[in-house]
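# Structural characterization, general
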Amino acid sequence: MQRAARMKREVEMFARDPPPGISCWPKGDKLDELEAQILGAEGTPYHGGVFKLEIQVSERYPFQPPKVRFVTPIYHPNVDDGGRICLDILKMPPKGGWKPSLNVSTVLTSIQLLMAEPNPDDPLMTDISNEFKFNRPLYLENAKRWTEKHAMDNTTGTSGPSTSSTSGKENHPQSSEKTEASGEDSDGEEMRRAPVSGAVNRLKKRPALQTKSGVKKQCS
């Protein structure tokens, strides 16, 4: 099966040469369910935190992007209170930027970049986006407080090779839903660590949608 062979190579690549600040490993003996951790980068309010993520790889991978969500709560305009992430390469064209030449390493590196450079114009969390744009000191204070509370309290064990993190929950000021797109593409080249330069900058702006609560969102 193409997915099994591809995921075996990707897991081996992570073990041999992981991206800086990122680790990823299979959940048990399953290659279609992965766990990952991203270290908060210096110079961001997430510095010192260990953020755990879950990854599900569909049978159509690499023609369909993996599903990724934060397990560790994070105060970020592009991550909702369910851990879902607004990132273009997690969605199929034409709305998204996924293509089969990308891989799990690319996705996690792009999420790491998104943590350092949020995109407030395509948010999942409108209140946090407004803080980021109009009251940056308050955003930094809240994000740092969440990091200290949730990502530095290493009390929950993990099967992975690196520092564990808590999965405790706290409600965001506002939450919203995002929809997954689906579609097809083709993969005519050998799996490799795909380039991620500019991945965050390709996050697409959408027309605002009206939610039931009256709070507008843009990521879809």
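Preceding block: the structure.
Reference entry: report on the structure contained in this document. (Residues numbered from 1 in each chain as written. Predicted model: local features only at pLDDT ≥ 70, side-chain atom pairs only at ≥ 80, totals over all residues. Heavy atoms only, no water.)

### Describing the nonpolar core
Counting residues in hydrophobic clusters, the biggest one holds 42 residues, and the most contacted among them are Ile-55, Phe-70, Ile-85, Val-104, Leu-108 and Ile-111. When contributions to this core are tallied by element, the ones reaching two or more residues are helix H1 (2-16), strand S1 (22-27), strand S2 (30-39), strand S3 (50-56), strand S4 (67-70), helix H2 (104-116), helix H3 (126-134) and helix H4 (136-151). With six residues, the top contributor of residues to this core is H2. Setting aside anything within four residues of it in sequence, one finds Val-104 in contact with Met-7, Glu-10, Phe-14, Cys-24, Leu-34, Ile-55 and Tyr-61. (Core = buried A, V, L, I, M, F, W, Y, C linked by side-chain atoms within 4.5 Å. Buried < 20%, exposed > 50% of the residue type's maximum accessible area, 1.4 Å probe, protein only. Helix = DSSP H or I, 4+ residues; strand = E, 2+ residues; numbered from the N terminus. Contact = heavy atoms within 4.5 Å.)

### Regarding the packing of aromatic side chains
Considering all chains together, one arrives at six aromatic pairs under this definition. Consider the rings of Tyr-75 and Trp-146, whose centres lie 5.6 Å apart with planes at 55 degrees: the pair is tilted. On the criterion of sequence distance, the pair formed by Tyr-75 in the loop between S4 and H2 and Trp-146 in helix H4 is long-range, its members being 71 residues apart. With a relative accessible area of 2%, Trp-146 lands in the buried category. Each member of the aromatic cluster is reached from another via a ring pair, and the members are Tyr-75, Phe-132, Tyr-139 and Trp-146. Its end group placed over the ring of Phe-132, Arg-136 keeps NZ or CZ at 3.7 Å from the ring centre. (Phe/Tyr/Trp six-rings, centres within 6.5 Å; stacked < 30°, edge-to-face > 60°. Lys NZ or Arg CZ within 6 Å of the ring centre and 35° of its normal.)

### What about H4?
Relative to the 22 Å expected for 16 residues at 1.5 Å per residue, H4 spans 21 Å between its end C-alpha atoms, a close match to the ideal helical length. Taken together, the buried positions of H4 are occupied by Tyr-139, Asn-142, Ala-143, Trp-146, Thr-147, His-150 and Ala-151. Buried positions in H4, seen along its axis, are confined to an arc of 140 degrees and lie on one side of it. Residues of H4 that are exposed and point over 90 degrees away from its buried face: Pro-137 and Glu-141. (Expected span 1.5 Å × (residues − 1). Arc of directions from axis to C-beta.)

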